[in-house]
Amino acid sequence: MLMLPAVITHAEVPHVLSLFRQTLEQAAAKGGTEAAMLTVDGSSLSQFDSSALAVLLECQRMARAKGRAFAVQSLPARLTELARLYGVDALLQSA
């Protein structure tokens, strides 16, 4: 599971994507259930802009490219509303 940091703005994107890549690689090395489903937890996220949506969509793309399911949980209501506004809320559904 990847715990999102408290802040995701444009400046933090490279770091967060790097963390996700590491999490993806570690999960693949472990195998089992953790490798099959990768979950991003947004409960710590308190300051963000639309870059947070870009991060989530890229994380989903990377996971699926590796044949992994992807899920998000505990996203802040404001981020969920932003996803709906941009029309990408359905893309962030667990699959």
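Since the structure is predicted, the reported quantities are computational estimates derived from the model, not experimental observations.

> Give me helix α4 (residues 77-86): which residues, what numbers.
Along α4, the positions that sit buried rather than exposed are L79, L82 and A83. One side of α4 carries all its buried residues, which in axial view fall inside an arc of 100°. Exposed side of α4, more than 90 degrees from the buried face: A77, R78, R84 and L85 are the residues found there. Looking at the buried residues of α4, the elements they touch are β4 (47-48) and α3 (51-65).

> Please provide a residue-by-residue account of the packing of helix α1 (residues 13-30) against α3, values included.
Where α1 contacts α3, the axes come no closer than 10 Å and their chain directions differ by 25°. With respect to each other, α1 and α3 are oriented roughly parallel. Our pair here, α1 against α3, has a crossing hand that is right-handed. On α3, the residues touching V13, V16, L17, F20, R21 and L24 of α1 are S51, V55, E58, C59, M62 and A63. A class-by-class count of the residues in the contact of α1 with α3 yields nine nonpolar, one polar and two charged.

> Would you mind going over the packing of aromatic side chains in detail, with residue names and values included?
Per the stated rule, a full pass over the model turns up one aromatic pair. Ring geometry for F20 versus F70: centroids 6.2 Å apart, planes at 75°, classification edge-to-face. Highlighted residues: F20 in helix α1 and F70 in strand β5 (residues 69-73), separated in sequence by 50 residues. Judged by its relative accessible area of 1%, F20 falls in the buried class. When its relative accessible area of 0% is taken as the criterion, F70 is described as buried.

Cut-off values and rules
Residues numbered from 1 in each chain as written. Predicted model: local features only at pLDDT ≥ 70, side-chain atom pairs only at ≥ 80, totals over all residues. Heavy atoms only, no water. Buried < 20%, exposed > 50% of the residue type's maximum accessible area, 1.4 Å probe, protein only. Helix = DSSP H or I, 4+ residues; strand = E, 2+ residues; numbered from the N terminus. Arc of directions from axis to C-beta. Contact = heavy atoms within 4.5 Å. Axes fitted to C-alpha atoms, helices over the stretch in contact; angles between N-to-C directions. Parallel < 35°, antiparallel > 145°, perpendicular 65-115°, else oblique. Left-handed = near helix turned anticlockwise from the far one by under 90°. Nonpolar A, V, L, I, M, F, W, Y, C, P; charged D, E, K, R; others polar. Phe/Tyr/Trp six-rings, centres within 6.5 Å; stacked < 30°, edge-to-face > 60°.

Bear in mind that shape data such as this cannot, by itself, settle questions of function.
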